[in-house]
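Architecture at a glance
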Amino acid sequence: SLHNLSLILNKIVIVSNFSNLPGLRILSLQGNDLVSVPDFSNLPGLLVLSLQGNDLVSVPDFSNLPALTSLDLQWNNLSSVPDFTNLPALEILHLGRNPDIVIPNFTNLPLLHTLEIDKSNLTSVTEFTHLPNLKILDLRGNDLTFVPDFSNLPLLHTLNLKKNNLTFVPDFSN
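Numbering of residues begins from 1 in every chain and follows the order in which that chain's sequence is written. In view of the model being predicted, local features appear only for residues whose pLDDT reaches at least 70, and side-chain atom pairs are presented and counted only at 80 or more, with totals across whole chains, interfaces and linings using the full set of residues. Neither water nor hydrogens contribute to the side-chain values; these are computed over all heavy atoms in the structure.

Some details on the pattern of salt bridges
- A pairing counts as a salt bridge when a side-chain nitrogen of Lys or Arg comes within 4 Å of a carboxyl oxygen of Asp or Glu. Scanning the entire structure with this criterion turns up three salt bridges.
- In this structure, the salt-bridge partner of D118 is R97, at a minimum N-O distance of 2.5 Å. You can see D118 sitting in the loop between β6 (114–116) and β7 (136–138) and its partner R97 sitting in the loop between β5 (92–94) and β6, a full 21 residues away along the chain.
- Per-residue accessibility, obtained with a 1.4 Å probe over protein chains only, is compared with the maximum for each type, and a residue is labelled buried under 20%, exposed over 50%, and partly exposed between these values. Residue D118 is classed as buried on the basis of its relative accessible area of 0%.
- Classification of R97 as buried rests on a relative accessible area of 17%.
- Note that D118 is salt-bridged to R140, the shortest N-O span being 3.3 Å. Remark: R140 occurs in the loop between β7 and β8 (158–160) and D118 occurs in the loop between β6 and β7; sequence separation between them is 22 residues. Put simply, DSSP H or I for four residues or longer makes a helix, DSSP E for two residues or longer makes a strand, and each gets a number counted from the N terminus.

Here we look at the packing of aromatic side chains
- Each aromatic pair joins two rings of Phe, Tyr and Trp (for Trp, the six-membered one) with centres within 6.5 Å, and gets the label stacked for planes under 30 degrees apart, edge-to-face for over 60, and tilted for any other angle. Considering all chains together, one arrives at four aromatic pairs under this definition.
- Where F40 meets F62, the ring centres are 6.3 Å apart and the plane angle is 15°; that geometry is what we call stacked. Taken as a pair, F40 in the loop between β2 (26–28) and β3 (48–50) and F62 in the loop between β3 and β4 (70–72) lie far apart in primary sequence, 22 residues in all. Exposure class is identical for F40 and F62. Each is buried.
- Joined through ring pairs, the aromatic side chains of F18, F40 and F62 make up one cluster.

These values are about where atoms sit, not about what they do.
Right, here's the structure in full:
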């Protein structure tokens, strides 16, 4: 059965729930004209979902995708996203280039190690207190004037704050 389906750079406007492809592990739909997507509840084994570069204004919480490890939602028109509480296996989350997106307080993403929210006009961010395994945080190209010290993120090794409105260097001594 089909495991990897790439439909990159087409002109797709509507997609089904892919109920005829229960073995799908990787679904790449970037660069289409999607304005909405189903919750893909018929794909419980899906590991990677890429919806980058569409015209999405909202997305479901994908709560029926417990195995999902990577979710790419950058280059859309999302003003908000769910907190993805029901995606405990999520490791990589790309939310960048969504103008004026509001970032929720992610509370149940224990395995998340990469979070990208670049070029999204953010004016503030939380301390991401509930992301103990976060290693890479990309906040470049926003409108941040202040950032927390992120001392609660012991594994954080890469923090990109390039091209913001910071007027001082945050104290990262903790």
